[in-house]
Structures are given as structure tokens and as C-alpha cells.
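The lines below spell out each chain.
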Amino acid sequence: MLRSMRENTGSWLIKILLGIIVVAFIFMGAGSFNASRASKIATVNGETINISQYQTAYNNLLENMRRQMGNQLNEEMIKALNLKKQALDSVIDTTLLRQAAEKNDIRVPDSELAESISRIPAFQKNGFFDKQRYKILLSQNRLTPDSFEFMQKEAMLMDKLRSVVTRSAKVSDSEAREWFKWENASMDIDFAVFSPQSYKDIEITDKMIDEYYQAHKTAYKTDTTRQARYVKFDPETYKSATHVTDEEIEEYYLNHEEDYQLPETVSARHILFKVAKDASPETIEAVRKKALEIMEKAKAGEDFAKLAETYSEGPSKKDGGQLGTFKRKDMVKPFSDKAFTMGVGEISEPVKTRFGWHIIKVEAHNDASTSPLEAVATKIREKLIDRKTKNSAYDAAAALYDATFDGEEFVNNAKENGLNLVTTDFFSKIKGPKGIRKALDFAKTAFALPMLEISDISEIGDAYFLIQVIKEKPGKIPALETIKDKVKKDTRREQQKKAAEAAAAEFLAKAKTSGSMLKTGEETGVAVKSVTLENRSKASKALDGDKLLNAEAFKLSETNKFSKVITGKKGFYVLAYKNRKEPPQEAFQMTGRNITARLLNQKQNEMYNSWLSHLRESSEIIISENFINN
């Protein structure tokens, strides 16, 4: 499976398919399909859950986490994520949902299942379901049609059940409008910033340095370092012995013909007459008439490029209106619809888009075509050679891995096979060993390994590695005398922060007493600035794009005018409320539908989760003590 996955890295088909499979596996735990009658670990309303179902769910959760986190995933993280509980919960929930679907007579007919699978892009060729591709992609992921169809059917069943549970969820117009007002209100505030760097006249004593060191000594601990040995399997070393036949090239071309299809394109110039979005009908018509006048000049034989340079209001004006070669999807629809129906040399009537009125002149029109095999054979050959050399390198790594059971065998087997066993210098997790491309990735793999254990085959950079950690040096806390200059700098930084925070707190207290930040600023010499925050979600540049400051500002009101002292990117901030403005209700017409859909989805999620929680509480779920204690 790993080789198949490697060969297809980057393929959108595989990525889509894996997305489908991962979601189905994790949600359903591959359910009860062909589940063996292994030892019982739980019962749900009398229905048995066995160890096989749990292991399948656990393995797929683990595989998904590895895809997301790569070599960073280790045993500590697995324990912290509590994958064991997550896997069991997923199988229990799936069982409960399946029981609820049966109780409510919710079913997925075979015809509906077949239609659903046929619509999955990963299984299509030239827009149609391809049975051979379907079987190949499933086999590459260690699935049979029966097992995949079972999972797909289960997922569709759960979707239907969810629809039944959440169909009563509604979002009223008033709810959507209230949310719109809450989310898009703007606010005027005053603010002051107290930067630690401005407090320079702070005397740092030896006592301060010692106290800081004692409180933070673990921060100065040096990194743990490791030494490893490895065998590198570089695909490049197999290139000279790798050959690709003409038959293989032709077979690849025929199986990937869609990759070599060239879309229909047009090359054109245009003259743009801009029209504002809120222009009146009279203005729109006046601009159209102006465009008609220039169109007549062009059709009368005047140089189109010079007319564009003189009259066009678009960015291509300086290039004589030249747009270059483009596909249909590259342009706004009205423009493309017209350009792709015109003949070469033809000049269009004015065409209206959201940008304004366009006069178009088509200079070339290229029909859709497929690159012939002869034109792409060299690239295909290179691709197949790269694939084969990777396979050869991987196979060599697998042969050594399969023959090796401990550290001593690793050394002996490498020597017997004439492989170069390299010992690294000592390296840390954040630097990696010298002389290795992608040294950080190497270090992540090495630091995830127990001492003397051989790694799995690891793809690092363009090569495969087998790695064994042979020594480790724990980090040490250096004596203060050896790092005193660094500790002094850190102590100064902390004292500056304390001074800035104290000044901010003192300023806030005075502002609250006076009731005005501006007045307090004048009295104390502190710079107070004003800013308008556009809405809750858009952090202001005046506040350094800090979302926390933005969120704290929107907690203020007429009755709660002053913020607490807030730590921000440039120091400590004090905010004061001035006024709040509701967004114009006309703007709701443009975003109301999206807001309603978002709120509806939120309500449906809450309703579904509440229902599932109640279903759990009202069900008899018994977990085996043996499973809990393991």
C-alpha cells in the first residue's frame, strides 16, 4: 500500500478518495463489515462490540493523526489525545446511530448507493464512472468494493438520520438580522500603548539576576542531543540501471490521457469603459453609447490597439488592451460567453460585465485538443524513471528492514549488502545532523524513536532512510556564571515588562477616576490615539492586527467604558469606549443568506449533538472491565 501511495503522491484522485475513506473510517470505525467474533469489549443495548471493530477504528484514527502530524506524533501525544477512548466512542456512537436508523426505518436503497458512488470524481474518467479505475483505486488502499460500499452506505445512512433529527431547525429573519448587527457593528475607541522597550533607565542588580535565574533556570537548559546511524537509499543511485520501454510510455499515456488535454483558448484585446456598481440606469446607458462610438471607429478600420491606449480605462490600456491567451474560466462569464463565440478578427458590440462595458477583438481562437504522444513522451519517460527509481530505492530499504530485527543485525546486514552505514554527529531536535538534506525531518524521526530501535522506512527529502539512535546526551542547566550576560538581558526584559504593566495599570486607574482617557493622557503625557474598528472579525492595523485586542474592545459599552490592562504585540494596552454604530440594514440583503445558512448549520450541529448525547444517556452501554483496565 505504501508504495502505491508513494507512486500517486500529488494525484488529486487519490487525495479525494483518501478524504472519503478517512472520514468514513473514523466516523464508522469500519463498522461491522466482516467483523470477526473476537472477544467482546462492550455492549450497546445488548448489541456486541468486539475488539476487531475497536482496533479498526483505533488504527484509522492513528493513521489520520499521522497524516496530519507526521513524525511529530509520538507515544506521549497519543496518550494525551486519548485515541483509545476516541476510537471506542466512535464505534459506540456508530452502533447507536445504526440502531436509531433501523428503529426509524431509515434505509439506503442499492440504486441510491450506486448513484452516489458513480458521482465520486475519484472514480470517474472523462466525467463518467470507470469501473476499472474504481477497483484499482480501492485495491491501492487495501479495500474491496464490498467493504467500501458498506462504508459508503453506512455514511449515507448517517446523513439521512442526521437530516431527520435536524429537520425542525429553523432560523428566523429576526435572528439572522440580530446576528448581522452583532457581528458587523463598528466601534470607536481610544487607546494607549505602554511599550516595555521605552523603559530604559532600569538598574539591574546582581540580586535581580540571581532571582531571575533561580526562577527560570530550566529555560536555560541545553537541548537533549542524540547520535544516530543510518542507511540512505537515494533513488538517484538506481537511475543508471532503470529503463522504460516505449510500451510502458504508451500505456501510461492512454491511462492518463486527460492530463494531456489542452482546453479551448482565445487570445483577445479589449477596451474597457468602467461603470460604478451603484451607477444609475442613465449613467450605464451613457457609458454604453460612448463605447458604441469607439466600437464604430474600430470597425471602420482604426487601429484597435491605439484606440485601447487612448480610451480604455482598464489596466491593459498601456498594452493596447492586450489580454493574452485565456481559458473560459479565466474571465467573467459575460465576457467569456461573447469572446468564445467570435471569429478571429471580429470586433464585438459592447458587452456588459460587473466592471463596465467592453469592446472585444479576438485575435486567435484555439480549439480544445490533446497533446500527441510524441510531444509528451519525453516527460512521461522521465516521470516513469523517477517512479521506478523510487520503487527500487524503497524496495532496497524494505529488504534491509525485513531482514533486520535488532541493532546488531542492522550493522551486519548493511555491511553484508555493501550499504554505506553512516554515523551522525550529536544533534538536537531543532537543528538536526550535518550533511543531511531536510535535517529537521531527520531529527523529528530520530527523536521519536526509542533507543537502539530501527525506524520504519522514512522518506526524508528525496530519499528513504532507515535510522537507529545509538546514543543520547541529556540537556543540562548551565551555571549562572557561564550565561550571566544572557540572564542579565532577560532580567532587564522582565523588569521593563513589569514597569510597563505597572504604568498601564496606574494610567487605567486615573482614567477611570477622571472618566476620560484623553484627559488623563493630557495630564500624564501619555499618547492616546483613536481608531474606528470596522467589525468584530476584522482586527485593526492601528491595534497591530491583534484579534485579542479587537475582541476585548467589543466587550466595552456605555456602562463598561474601560478595558482591563491587556497584553498585546507591542506591550500593554488600555482601551476606552467612545461609541458603537450599527451596520446599515441594506447591507444585510447582500449577506443575509450566508448568515442564515451559517446559523442554521450551527443550530443543526447543536441539535444533533444534543440528540446524540440524550441517545447515549438513555441507552444501556456496558464496557468490559478487562478493556478498561488494559
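These figures come from a predicted structure and were not determined experimentally.

Novice: What is the right way to look at the overall build of the protein in this model?
Specialist: Helix and strand counts for the protein come out as 22 helices and 20 strands. For the protein, whose C-alpha radius of gyration is 34 Å, the value lies well above the compact-globule estimate of 25 Å for 630 residues. Counting only C-alpha atoms and orienting by the principal axes, one finds that the protein spans roughly 85 × 80 × 60 Å. The long-range share in the protein, meaning contacts at least 24 apart out of those at least 6 apart in sequence, stands at 71%. Summing over all exposed atoms, the protein offers an accessible surface of approximately 36400 Å²; the carbon and sulfur share of this is 50%. The centroid of the 97 positive side-chain charges in the protein is displaced by 4 Å from the centroid of its 91 negative side-chain charges.

Novice: In this structure, what is going on with the confidence of the model for the protein? I would like to understand it.
Specialist: Atom-level detail of predicted coordinates should not be read off regions where pLDDT is low. For the protein, the average pLDDT comes to 89, and 93% of its residues sit at 70 or higher. Below a pLDDT of 50 lies the segment residues 1-38, which in the model reaches 85 contacts outside its immediate sequence neighbourhood of four places, other chains included.

Novice: Hey, could you run me through the pattern of salt bridges in this one?
Specialist: Between side chains of opposite charge, a pair can form as their charged atoms come close. Under the criterion given, the structure shown has 36 salt bridges. Linking aspartate 89 and arginine 616 is a salt bridge whose minimum nitrogen-to-oxygen distance equals 3.2 Å. Taken together, the residues span a long stretch of sequence, with aspartate 89 in helix 5 (residues 83-103) and arginine 616 in helix 21 (residues 588-617) at a distance of 527 residues. Taken together, the shared-partner salt bridges connect Lys85, Asp89, Asp93 and Arg616 into one network.

Novice: Help me understand the packing of aromatic side chains, please; the structure alone is not making it clear to me.
Specialist: Within a pair of aromatic rings, the relevant descriptors are the distance that separates the centres and the angle that separates the planes. Summed over all chains, the structure comprises 19 aromatic pairs. Consider the rings of tryptophan 179 and tryptophan 182, whose centres lie 5.2 Å apart with planes at 35°: the pair is tilted. Residue tryptophan 179 and its partner tryptophan 182 are located together in helix 9 (residues 173-184), separated by 3 residues, close to a single helical turn. Here tryptophan 182 falls in the partly exposed class, since its relative accessible area comes to 44%. Pairing tyrosine 253 with tyrosine 260 gives two aromatic rings, centres 5.7 Å apart and planes at 25°, and the pair type is stacked. Each of the two residues, tyrosine 253 as well as tyrosine 260, counts as buried. A network of ring pairs unites the aromatic residues Tyr230, Phe427, Phe442, Phe447 and Phe465 as a single cluster. When the ring centre of tyrosine 608 is taken as origin, the NZ or CZ atom of arginine 162, which lies over that ring, is 4.6 Å away. Note that lysine 473 overlies the ring of phenylalanine 426, its terminal NZ or CZ placed 4.2 Å from the centroid.

Novice: Any chance you could explain helix 12 (residues 281-299) here in plain terms?
Specialist: Since the α-helix turns once every 3.6 residues, residues separated by three or four places project in the same direction. Over its 19 residues, helix 12 runs 27 Å from end to end, which matches the ideal 27 Å to within 8%, given 1.5 Å per residue. Burial in helix 12 covers these residues: Val287, Ala291, Ile294, Met295 and Ala298. Buried positions in helix 12, seen along its axis, are confined to an arc of 110° and lie on one side of it. The outward face of helix 12, more than 90 degrees from its buried face, is lined by the exposed residues Pro281, Glu282 and Glu293. As for helix 12, its buried residues are in contact with strand 8 (265-274), helix 13 (304-311) and strand 11 (356-366). The positive-phi residue at the C-terminal boundary of helix 12 is glycine 301, with phi of around 115°.

Novice: I would appreciate a short explanation of the nonpolar core in the present structure.
Specialist: A general trend in soluble globular proteins is that nonpolar side chains are found buried together. Residues Ile41, Ile49, Phe123 and Phe148 are the most contacted members of the largest nonpolar core, which totals 37 residues. Looking at this core, the elements with two or more residues in it are strand 1 (40-44), helix 3 (51-69), helix 5, helix 6 (110-118), helix 7 (131-140), helix 8 (145-166) and helix 21. Counting 15 residues, the second largest nonpolar core, distinct from the first, contains Ile294, Ala298, Leu307 and Ala308.

Novice: Is there a simple way to think about the sheet that holds strand 1 in this case?
Specialist: To summarise the sheet geometry, strands pair through backbone hydrogen bonds and adopt either a parallel or an antiparallel arrangement. Overall, antiparallel pairing links the 3 strands, which are arranged 2-1-20 in an open sheet. Sheet topology places strand 2 (47-50) and strand 20 (621-623) at the edges, where each strand pairs with a single neighbour. Taking the axes of each pair of neighbouring strands and ignoring which way they run, one obtains an average angle of 20° across the sheet. Sheet topology places strand 1 next to strand 20; 3 bridges connect them, and they run antiparallel.

Novice: How should I be thinking about the side chain of threonine 225 in this particular structure?
Specialist: Relative to the assigned elements, threonine 225 resides in strand 6 (residues 225-233). Threonine 225 gets classed as buried once you look at its relative accessible area, which sits at 18%.

Novice: Honestly, a negative patch on the surface in this entry has me stumped. Any pointers?
Specialist: Judged by side-chain charge, Glu302, Asp303, Glu309 and Asp319 come together as a negatively charged surface patch. By secondary structure assignment, the location of aspartate 319 is in the loop between helix 13 and strand 9 (322-327). A relative accessible area of 45% means that aspartate 319 is categorised as partly exposed.

About the thresholds
- Residues numbered from 1 in each chain as written.
- Predicted model: local features only at pLDDT ≥ 70, side-chain atom pairs only at ≥ 80, totals over all residues.
- Heavy atoms only, no water.
- Helix = DSSP H or I, 4+ residues; strand = E, 2+ residues; numbered from the N terminus.
- Rg over C-alpha atoms; globule rule 2.2 N^0.38 Å.
- Contact = heavy atoms within 4.5 Å.
- Areas by Shrake-Rupley, 256 points an atom, 1.4 Å probe, with all protein chains shown as cover.
- Lys, Arg positive; Asp, Glu negative; His and termini not counted.
- Charge placed at Lys NZ, Arg CZ, Asp CG, Glu CD.
- pLDDT = per-residue confidence, 0-100.
- Salt bridge = Lys/Arg side-chain N within 4 Å of Asp/Glu carboxyl O.
- Phe/Tyr/Trp six-rings, centres within 6.5 Å; stacked < 30°, edge-to-face > 60°.
- Buried < 20%, exposed > 50% of the residue type's maximum accessible area, 1.4 Å probe, protein only.
- Lys NZ or Arg CZ within 6 Å of the ring centre and 35° of its normal.
- Expected span 1.5 Å × (residues − 1).
- Arc of directions from axis to C-beta.
- Core = buried A, V, L, I, M, F, W, Y, C linked by side-chain atoms within 4.5 Å.
- Pairing = 2+ DSSP bridges.
- Axes fitted to C-alpha atoms, helices over the stretch in contact; angles between N-to-C directions.
- Patch = residues over 30% accessible without salt bridge, like charges linked within 9 Å, V, L, I, M, F, W, Y side chains within 5 Å.

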